[in-house]
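# Inside the fold
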Amino acid sequence: MTKVAELRQKDVAGLKDEVKALQKAHFGLRMQKATQQINNTASLRSARRDIARAKTILVQKQSAEKSAK
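Residues numbered from 1 in each chain as written. Predicted model: local features only at pLDDT ≥ 70, side-chain atom pairs only at ≥ 80, totals over all residues. Heavy atoms only, no water.

The next subject is helix H2 (residues 12-34). Compared with an ideal rise of 1.5 Å per residue, which puts 23 residues at 33 Å, H2 spans 33 Å between its outermost C-alpha atoms and is within 8% of the ideal. For H2, the set of buried residues is Val 12, Gly 14, Leu 15, Glu 18, Val 19, Leu 22, His 26 and Leu 29. Packing partners of the buried residues in H2 comprise helix H1 (4-9) and helix H3 (42-68). (Helix = DSSP H or I, 4+ residues; strand = E, 2+ residues; numbered from the N terminus. Expected span 1.5 Å × (residues − 1). Buried < 20%, exposed > 50% of the residue type's maximum accessible area, 1.4 Å probe, protein only. Contact = heavy atoms within 4.5 Å.)

Below you can see the structure in the form of structure tokens.
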């Protein structure tokens, strides 16, 4: 689980990379579920929430950069 404080310290490019990595991990979990290899189905929910958390902070940073210009 990624902490909010860690995400807030990253810049926009770092957050975009984090979102991509989280989405790739979520895809892997979905494939495990489809092939019935997943042990902890709650990890799907936490992965979705981590993605949403990272995307929210990304949008906040992007809007802050826009308003600063």
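Here the narrative resumes, following the displayed structure.
With 97% of its residues at a pLDDT of at least 70, the chain reaches an overall mean of 92. Of all the helices and strands in the chain, H1 carries the lowest mean pLDDT, 91, while H2 carries the highest, 96. (pLDDT = per-residue confidence, 0-100.)

Before going further, it helps to spend a moment on the side chain of His 26. Within the fold, His 26 resides in helix H2. Look past the residues within four positions of His 26 in its chain and what remains in contact with it is Leu 44, Ala 47, Arg 48 and Ile 51.

So, on to a positive patch on the surface. On the surface, Lys 33, Arg 45, Arg 48 and Arg 49 cluster together into a positively charged patch. No other element matches H3, which puts 3 residues into the positive patch. (Patch = residues over 30% accessible without salt bridge, like charges linked within 9 Å, V, L, I, M, F, W, Y side chains within 5 Å. Areas by Shrake-Rupley, 256 points an atom, 1.4 Å probe, with all protein chains shown as cover. Salt bridge = Lys/Arg side-chain N within 4 Å of Asp/Glu carboxyl O. Lys, Arg positive; Asp, Glu negative; His and termini not counted. Charge placed at Lys NZ, Arg CZ, Asp CG, Glu CD.)

This paragraph deals with H3. Given a rise of 1.5 Å per residue, 27 residues ought to cover 39 Å, and the 39 Å separating the end C-alpha atoms of H3 matches this to within 8%. Those residues of H3 lying buried are Ser 43, Leu 44, Ala 47, Asp 50, Ile 51, Ala 54, Ile 57 and Leu 58. Residues of H3 that are buried in the fold lie against H1 and H2.

Counting residues in hydrophobic clusters, the biggest one holds 9 residues: Leu 7, Val 12, Leu 15, Val 19, Leu 22, Ile 51, Ala 54, Ile 57 and Leu 58. Listed by contribution, the elements that provide at least two residues to this core are H2 and H3. Apart from residues no more than four positions distant in its own chain, Ile 51 is found in contact with Leu 22, Gln 23 and His 26. (Core = buried A, V, L, I, M, F, W, Y, C linked by side-chain atoms within 4.5 Å.)

Taken N-terminus to C-terminus, the directions of H2 and H3 make an angle of 160 degrees; their axes are 9 Å apart at the nearest point. One way to sum up the angle between H2 and H3 is to call them roughly antiparallel. In the crossing of H2 with H3, the sense of the turn from one axis to the other is left-handed. Partitioned by chemical class, the residues of the contact of H2 with H3 number 11 nonpolar, 4 polar and 8 charged. (Axes fitted to C-alpha atoms, helices over the stretch in contact; angles between N-to-C directions. Parallel < 35°, antiparallel > 145°, perpendicular 65-115°, else oblique. Left-handed = near helix turned anticlockwise from the far one by under 90°. Nonpolar A, V, L, I, M, F, W, Y, C, P; charged D, E, K, R; others polar.)

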